[in-house]
Amino acid sequence: MRSPDQAHYLGVDIGGTKVALRVETDTGCVDESAFAWEPRRSATLDLAQLTTHVDGLRARLGTPLRAVGVAMPATVGPAGRVTAWPSRPEWTGLELEASLRALFPEAPVAWADDGDLGALAEAEESGCDDVLYLGVGTGVGGGLFLGGALCPGLGRGSFEIGHLIVELDGVRCVCGRRGCLQAVASGPATLRRAALLRGAAVTFDDLRAAVRGGQLWAVAAVEQTCRAVAAAVAGVHELLHPRLALIGGGFATGIPGFTGLVSAHLADLARPGHPPPPVAPAALGGLSSLRGAVSLARRIAS
Amino acid sequence: MTVPIVGQPATATGAAAPGRLAVIFDLDGVIVDSFAVMGEAFAIAYAEVVGDGPAPFEEYRRHLGRYFPDIMRIMGLPLAMEEPFVRESYRLARQVTVFDGVVELLLELRVRGLRLAVATGKSGPRARSLLDGLNLLPFFEHVIGSDEVPRPKPAPDIVQHALGLMDVRADRAVMVGDMPTDLASARGADVAAAAALWASPEVDELLAAGPDLVLRHPSDLLAFCPAVPAR
């Protein structure tokens, strides 16, 4: 039963193709919904669509929101303006801060990078205060939860592990540089490498079946991905010493043995006297950013 | 957004392939570029035994990698062509070259502790003589010719024989070849088959045969052959 005086915390996960919303009280989740963006038009129309959906949510809840957290994949500048979002370029230049305040006038609202919020949620779920989270999917995202707080912290930019350089002369990244982790280890990058090694096109289902069957081209393509991920984990560990590394993302969770391979390559990279952190699968799957957005709402409310 | 998957084991579940202990190479079109020499030897043998007229080299080319007498049978040519073909091949052997990057590959594989063998459509003595003349013979523990096994490629005998001589399990070896017959021979012996594309005359057929691995340059093999741990 819903208690009318219970505080509602709203998390919003804004994605390139859809938006997910989740409302929690102190006792658990009371509402979860999602919608796909209408055909691409403009940021103004996208926001209108979001407003309609939020109005419907308010009507369902019946009480004002206590706080709102928003997960954003876009790059947001210090002035609260979207500076880049390859998945929805129409949003470039949008005053995100002002737009969110207009959308939620009744409650404090904060936003953070979706990878950072994924790390926040996964860290809370794991019960560890020093967690590196890596999501390997269409891109590579992630975040670092250090001493119980996000690193580098709200308003100070996001933890862009996908653009950590792991191969100086590696393949070209969408950002223009070479050898970014994302360019080497994302799902599409791994499928491209697998296709080269196989000499034929490779789908995700082909790859996971062939990895399971131990086929050389598939294992080799995934091994290189896991080696790059391990190199990134090793680098972060050298500098900031997370006590746990969690691997999630749709691609990594779908490939059998992915986490174990990262762990094995990480062990190979260890220096004497410096044991690497344990590597484990992330627990929340595709819900990590959304759950992190709710956690962010709780944090700004208290 | 993906479906959450929980409870995935933290350790590898069979995805990590064990390291390779041995590499079995085809010779012509993989290690040595003998294409021109084989063409010339074939033309001379044809002229001597069959007579005037253009030698059916295009058809012969498609069967490269098989044992020469088998090719003669398939093409309906007299087995008597073997004698002049072999004679001319020996005479022209100095013109055979090693593909760029192959010596470096063989050296690195040996440094990493892998054991190497050759399984060729040629006869054993001729293959060993050719490799010796190129100073490559010491790289290989075994050089096996089609005359030294019951059934030549595409049968698995030659690959199985190499495994037996080296006492290496099939799943710890890889075979590198440039023809569908090489892939078939490896497959029949349950050995992973790598397709060498740097000189293959049959790239489309080779890829259509579904190799376990495609190599565009000899050094591409190194990624699959990490150093063998010392025991």
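Each chain has its residues counted from 1, running along the sequence as written. To read the labels, note that chains go from A and ligands from 1, taken in the order they are written. A pLDDT threshold of at least 70 governs which residues receive local features in this predicted model, and a stricter bar of 80 or more applies before side-chain atom pairs are shown or counted, although totals over entire chains, interfaces and linings include all residues. Side-chain calculation: all heavy atoms of the structure are included, whereas hydrogens and water are not.

Core analysis: the biggest nonpolar cluster contains 77 residues, and A:Leu207, A:Phe258, B:Phe25, B:Ile31 and B:Phe140 have the highest contact counts within it. The contact criterion used throughout is that any non-hydrogen atoms of two residues lie within 4.5 Å. The contact partners of A:Leu207, leaving out residues within four places of it in the chain, are A:Thr190, A:Leu191, A:Ala194, A:Val202, A:Trp217, A:Ala218, A:Val222, A:Phe251 and A:Ile255. Nonpolar cores are built from buried Ala, Val, Leu, Ile, Met, Phe, Trp, Tyr and Cys residues. Side-chain atoms within 4.5 Å join them into one set. Burial here depends on accessible area, computed with a 1.4 Å probe over protein chains only, as a share of the maximum for the residue type. Under 20% is buried, over 50% is exposed, and the range in between is partly exposed. Counting residues in hydrophobic clusters, the runner-up holds 29 residues, among them A:Val12, A:Ala43, A:Leu65 and A:Leu96.

With that settled, the discussion passes to the domain arrangement of chain A. How big an interface is tends to be stated in terms of accessible area lost as the parts join. Where each domain begins and ends is defined by an automated method or by a domain database. For chain A, the assigned domains are domain 1 (8–107) and domain 2 (117–283). For domain 1 of chain A and domain 2 of chain A, the distance between their C-alpha centres works out to 28 Å.

Attention now goes to the environment of B:Asp182. Residues and elements named next belong to chain B. Numbering of helices and strands runs from the N terminus; a helix is a DSSP stretch of H or I covering at least four residues, while a strand is a stretch of E covering at least two. Inspection of the secondary structure assignment puts Asp-182 in helix α8 (residues 180–188). Spatially, the C-alpha atoms of Asp-182 and Pro-154 are 6.3 Å apart, while their sequence positions differ by 28 residues. Look past the residues within four positions of Asp-182 in its chain and what remains in contact with it is Asp-26, Lys-153, Met-175 and Gly-177.

One pair of aromatic rings is described through two measures. These are the centre distance and the angle between the planes. In this scheme Phe, Tyr and Trp rings, the latter by its six-membered ring, pair at centre separations within 6.5 Å, and the angle between planes marks the pair as stacked below 30 degrees, edge-to-face above 60, and tilted otherwise. Throughout the structure, instances matching the rule amount to 14 aromatic pairs over all chains. Pairing A:Phe35 with A:Trp37 gives two aromatic rings, centres 5.6 Å apart and planes at 90°, and the pair type is edge-to-face. For A:Phe35, a relative accessible area of 11% gives the class buried. The exposure class assigned to A:Trp37 is buried, which follows from its relative accessible area of 8%. Taking 4.3 Å as the distance between ring centres and 15° as the angle between the ring planes, the aromatic pair formed by B:Phe42 and B:Tyr60 counts as stacked.

The next subject is the sheet that holds strand β4 (residues 65–72) of chain A. Residue and element names in this part refer to chain A. Here 5 strands make up an open sheet; going across it, the order is β3-β2-β1-β4-β7 and the pairing mixed. In this open sheet, the two edge strands, each paired with only one partner strand, are β3 (28–36) and β7 (109–113). On average, adjacent strands in this sheet sit at an angle of 15° to one another, irrespective of strand direction. For strand β1 (residues 8–14) and strand β2 (residues 18–25), the ladder comprises 6 bridges, and the chain directions are antiparallel. Looking at β2, one finds that Leu-10 is bridged to Val-23. Contacting β1, β2, β3 and β4, helix α1 (residues 43–61) runs over the sheet at an angle of about 155° to β3. The strands touched by helix α2 (residues 96–103) within the sheet are β4 and β7, with β7 carrying the most contacts at an inclination of about 135°. Pairing between strands is defined by DSSP: at least two bridges between the two strands are required. What counts as an axis is a line fitted to C-alpha atoms, over the stretch in contact for a helix, and the angles between N-to-C directions run from 0 to 180 degrees.

Attention now moves to the layout of surface pockets. All names here are of chain A. For cavity detection a 1 Å grid was placed over the protein atoms alone, and a set of points counts as a cavity when a 1.4 Å probe fits there but cannot get out; an open set counts as a pocket when protein lies on both sides within 12 Å along at least five of seven lines, with lining residues being those that have an atom within 4 Å of a point. Grid points are joined across faces, edges and corners, and a volume is the space filled by probe spheres set on the points. As a volume, the second largest pocket reaches approximately 460 Å³. Those elements that place two or more of their residues in the lining of the second largest pocket are β5 (75–76), α2, β7 and β10 (149–151). For the lining of the second largest pocket, the element with the most residues is β7, which contributes 5 residues. Residues that form the lining of the second largest pocket fall into these classes: 12 nonpolar, 7 polar and 6 charged. Counting contributing residues, the lining of the second largest pocket receives three or more from each of domain 1 (8–107) and domain 2 (117–283). Three categories are distinguished: nonpolar for Ala, Val, Leu, Ile, Met, Phe, Trp, Tyr, Cys and Pro, charged for Asp, Glu, Lys and Arg, and polar for the others, with Gly belonging to the last.

Note on sheets: strands pair through backbone hydrogen bonds, and any given pair is parallel or antiparallel. Residue and element names in this part refer to chain A. Strand order in the open sheet made by the 5 strands is β10-β9-β8-β11-β12, with mixed pairing throughout. Only two strands of the sheet have a single neighbouring strand rather than two, namely β10 and β12 (279–281). On average, adjacent strands in this sheet sit at an angle of 30° to one another, irrespective of strand direction. Here 3 bridges tie strand β11 (residues 244–248) to β12, and the two strands are oriented parallel to one another. For Leu-246, the partnering residue across the bridge sits in β12 and is Ala-280. Of the strands in this sheet, β8 (131–136), β9 (140–146), β10 and β11 touch helix α3 (residues 114–126), which is tilted by about 50° from β9.

Next up on the list: the domain arrangement of chain B. Residue and element names in this part refer to chain B. Examined at the domain level, chain B breaks down into domain 1 (22–33 + 97–224) and domain 2 (35–95). A side-chain nitrogen of Lys or Arg and a carboxyl oxygen of Asp or Glu constitute a salt bridge if their distance falls within 4 Å. Run the count over domain 1 and domain 2 and you get 0 salt bridges. What qualifies as a polar contact is a pair of N or O atoms within 3.5 Å, subject to a donor-acceptor requirement within protein and to the restriction that residues adjacent in sequence count only when both atoms come from side chains. Joining domain 1 to domain 2, the criterion identifies 3 residue pairs in polar contact (both at pLDDT 80 or more). Counting residues per element, the side of domain 1 that touches domain 2 draws most heavily on helix α6 (residues 124–133), which supplies 4 residues. For the side of domain 1 that touches domain 2, the class distribution of residues is 6 nonpolar, 6 polar and 7 charged.

In this section: the pattern of salt bridges. Per the counting criterion, the structure on display carries 30 salt bridges over all chains. Of the charged contacts, one joins A:Glu95 and A:Arg81 as a salt bridge, the two residues approaching to 2.9 Å between their closest N and O atoms. Taken together, the residues span a long stretch of sequence, with A:Glu95 in the loop between β6 (82–84) and α2 and A:Arg81 in the loop between β5 and β6 at a distance of 14 residues. By relative accessible area, which is 33% here, A:Glu95 ends up partly exposed. Relative accessible area serves as the criterion here: at 38%, A:Arg81 is assigned to the partly exposed category. With its nearest N and O atoms 3.0 Å apart, the salt bridge here joins B:Arg87 to B:Glu88. Salt bridges sharing partners connect three or more residues here, namely A:Arg22, A:Glu24, A:Asp26, A:Glu32 and A:Arg298.

Before going further, it helps to examine the packing of helix α6 (residues 204–212) of chain A against helix α7 (residues 216–240) of chain A. A pair of packed helices can be characterised by two numbers: the angle between their axes and the separation between those axes. Residues and elements named next belong to chain A. One can describe the packing of α6 onto α7 by two numbers: an axis separation of 8 Å at closest approach and a directional angle of 105°. The angle between α6 and α7 places the two elements in the roughly perpendicular class. From α6, Asp-206, Leu-207, Ala-210 and Val-211 reach across to α7, where they touch Trp-217, Ala-218, Val-219 and Val-222. Its residues assigned to classes, the contact of α6 with α7 shows 7 nonpolar, no polar and 1 charged. Orientation categories follow fixed angle ranges, with anything under 35 degrees roughly parallel, anything over 145 roughly antiparallel, 65 to 115 roughly perpendicular, and all other angles oblique.

All names here are of chain B. Inspection of the entire model under this criterion finds 1 cavity of 30 Å³ or more. Space inside the largest cavity adds up to approximately 100 Å³. Around the largest cavity sit Asp-28, Ser-34, Val-37, Met-38, Ser-89, Tyr-90, Ala-93, Val-96, Lys-122, Arg-126, Ser-129 and Leu-130, which together line it. Looking at the lining of the largest cavity, the elements with two or more residues in it are α1 (35–49), α4 (82–92) and α6.

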